[in-house]
Amino acid sequence: MWYISTRGMAPRVDFEGALFSGYASDGGLFMPEELPQLDRETLCQWSTLSYPGLVKELCALFIGSELIPKGDLNDLIDRAFSRFRHREVVHLSRLRNGLNVLELWHGVTYAFKDLSLSCTAQFLQYFLEKKEKHVTVVVGTSGDTGSAAIESVQGAKNVDIIVLLPKGHCTKIQELQMTTVLKENVHVFVVEGNSDELDEPIKAVFADTVFVKKHNLMSLNSINWSRILVQMAHHFFAYFQCAPSLDTHPLPLVEVVVPTGAAGNLAAGYIAQKIGLPIRLVVAVNRNDIIHRTVRQGDFSLSEAVKSTLASAMDIQVPYNMERVFWLLSGSDSQVTRALMEQFERTQSLNLPKELHSKLSEAMTSESVSDEAITQTMGRCWDENQYLLCPHSAVAVNYHYQQLDRQQPSTPRCCLAPASAAKFPEAVLAAGLTPETPVEIVALEHKETRYTPMRRGDTWTLMLRDTIEDLSRRWKRRVLNASQ
């Protein structure tokens, strides 16, 4: 299985190359050169698998056994999920009025990113240990990515991780989950800016390909193909849990409602659809509605500013994984994709060509949800089920309630729940409800913190480069000492 850039100007790589690269050298994102097609028989066989079982099958399809033999792959995935609190890893809550909520948040940091990052970290360490190499992971976060990335690699001897988080734009709990990890290989910067602003120094560092190569840099943001691959399993598990029966011809449709910011879960769902999973995608966003405007009107352009919402992890203006969706919609045409993305990067504005837009609106529908609708949805779900939703999950469930109230003929539907309400007590209070806080989260308040501020007026790119160079020097010293 080979991977090529959506922009077509970078050499093709195998899974290991895609894993360690993040962005391709031409600024594009890696995608499989060819997508396998799953037949009815395979889907029926997979329908009885657990969530980890589905991750194993999907990873085996997209990672050559010459890179990671099947036995090793299964062991790595079992190890990745060993710290999850729920024995099923992912759990479906069946609530009143056909509301199905897929809880993707039973990992260490109470967010869906634990699923893909725990696997990605295992794959990383597998290759690094074989080659006795070191990498520095650089992550920008709007909330959950940073803590999940830190948890997945903290204490690893071959990996240093640098996380940039936006001061005042994460919840207190999200911030503490990052700043209280005192392991030697964890380096946190608290940035005086929003998540789009802190992406700028990261992009600047990664644009220097000589520097990236010299210091073995990589990203674990949702641009990384490995994360998209694991996230495809959410959609398969949702489908098999919610499809009424697989005995009908054709197989029944299930609607999967995907709350998203950077469009990683959406890209994963669209790839799942392309390889044969009979799902209909609904993309649900907060007031940062670039994806909604793109689906509805073909308008892929930035608003004046990021809007702060209760669903803060989705307060993102640039949903970079849409590039993968555009590439697939264009029939894997890298020339078209490159022209579109270069125009967007140049002008921050893009009207999709008519043909591409009509394909996009056939592939998915979309919804944009206000803070008021988020709190109303959280309240209604509690009243009807005594079930607390996080604000991001409420963005998805709001769509279900809309369809219910319009008495639309109902396709089975599954709403993805990316985080636990325990991480968002402020939003729970805003909905007039009482937060339920697990002991591990309460304990964060009393832990020591460690971080470096990045203030306005500081040269953020230079600070980042200096830190990376320092970590490389430390690693070299360690290798030297070990060999003496």
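Per an unreviewed UniProt entry, the recorded name for the chain is Threonine synthase-like 2, and the organism is Aotus nancymaae. Here is the UniProt Cofactor (unreviewed entry) comment for the chain, exactly as written: "pyridoxal 5'-phosphate".

A. Highlighting the UniProt feature "domain: Tryptophan synthase beta chain-like PALP" (unreviewed entry) in the chain. Within the UniProt annotation, "domain: Tryptophan synthase beta chain-like PALP" (unreviewed entry) is assigned to residues 106-398. Helix makes up 51% of residues 106-398 and strand 14%, with an end-to-end C-alpha separation of 22 Å.

B. Representation of the sheet that holds strand β6 (residues 159-166) in the model. Strand order across the open sheet formed by five strands is β8-β5-β6-β7-β13, with parallel pairing between neighbours. Because the sheet does not close on itself, it has two edges, and the strands there are β8 (217-219) and β13 (452-454). This sheet shows a mean twist of 25° between the axes of neighbouring strands, independent of strand direction. The pairing of strand β5 (residues 135-140) with β6 spans six bridges and is parallel. Pairing of V137 across the sheet is with I161, part of β6. Lying over the sheet, helix α7 (residues 172-179) contacts β6 and β7 (186-191), oriented at roughly 155° with respect to β6.

C. Main features of the sheet that holds strand β9 (residues 254-259). The mixed open sheet is built from six strands, whose spatial order is β3-β4-β12-β9-β10-β11. Edge positions in the sheet fall to β3 (91-94) and β11 (364-368), since each has one partner strand and no second. Taken over all neighbouring pairs, the strand axes of this sheet differ in orientation by 25° on average, direction set aside. Both strand β4 (residues 100-103) and strand β12 (residues 413-417) contribute to a ladder of three bridges, which runs parallel. Counterpart to L102 in the pairing with β12 is L416. Lying on the sheet, helix α10 (residues 225-242) is in contact with β3, β4, β9, β10 (279-285) and β12; it crosses β9 at an angle near 140°.

D. Up close: the layout of surface pockets. Roughly 850 Å³ of volume is contained in the largest pocket. Considering the residues around the largest pocket, the lining is formed by 29 residues, among which F20, S21, Y23, S25 and V212 are closest to the centre. Counting only elements with at least two residues in the lining of the largest pocket, the list comes to α1 (15-21), α5 (113-131), α8 (195-207), α9 (209-214) and β8. Looking at the lining of the largest pocket, the element that brings in the most residues is α1, giving four residues. Here the lining of the largest pocket is composed, by residue class, of 15 nonpolar, six polar and eight charged. Estimated volume of the second largest pocket: approximately 620 Å³. What lines the second largest pocket is a set of 29 residues, and nearest its centre among them are D196, D199, K203, V318 and Y320. Those elements that provide at least two residues to the lining of the second largest pocket are α8 and α14 (334-347). Taken together, the residues of the lining of the second largest pocket sort by class into twelve nonpolar, eight polar and nine charged.

Definitions and limits used
- Residues numbered from 1 in each chain as written.
- Predicted model: local features only at pLDDT ≥ 70, side-chain atom pairs only at ≥ 80, totals over all residues.
- Heavy atoms only, no water.
- UniProt positions renumbered as here; feature names shortened; annotations may be inferred.
- Helix = DSSP H or I, 4+ residues; strand = E, 2+ residues; numbered from the N terminus.
- Pairing = 2+ DSSP bridges.
- Axes fitted to C-alpha atoms, helices over the stretch in contact; angles between N-to-C directions.
- Contact = heavy atoms within 4.5 Å.
- 1 Å grid on protein atoms, 1.4 Å probe; cavity = no way out; pocket = protein on both sides within 12 Å on 5 of 7 lines; lining within 4 Å.
- Points joined across faces, edges and corners; volume = space filled by probe spheres on them.
- Nonpolar A, V, L, I, M, F, W, Y, C, P; charged D, E, K, R; others polar.

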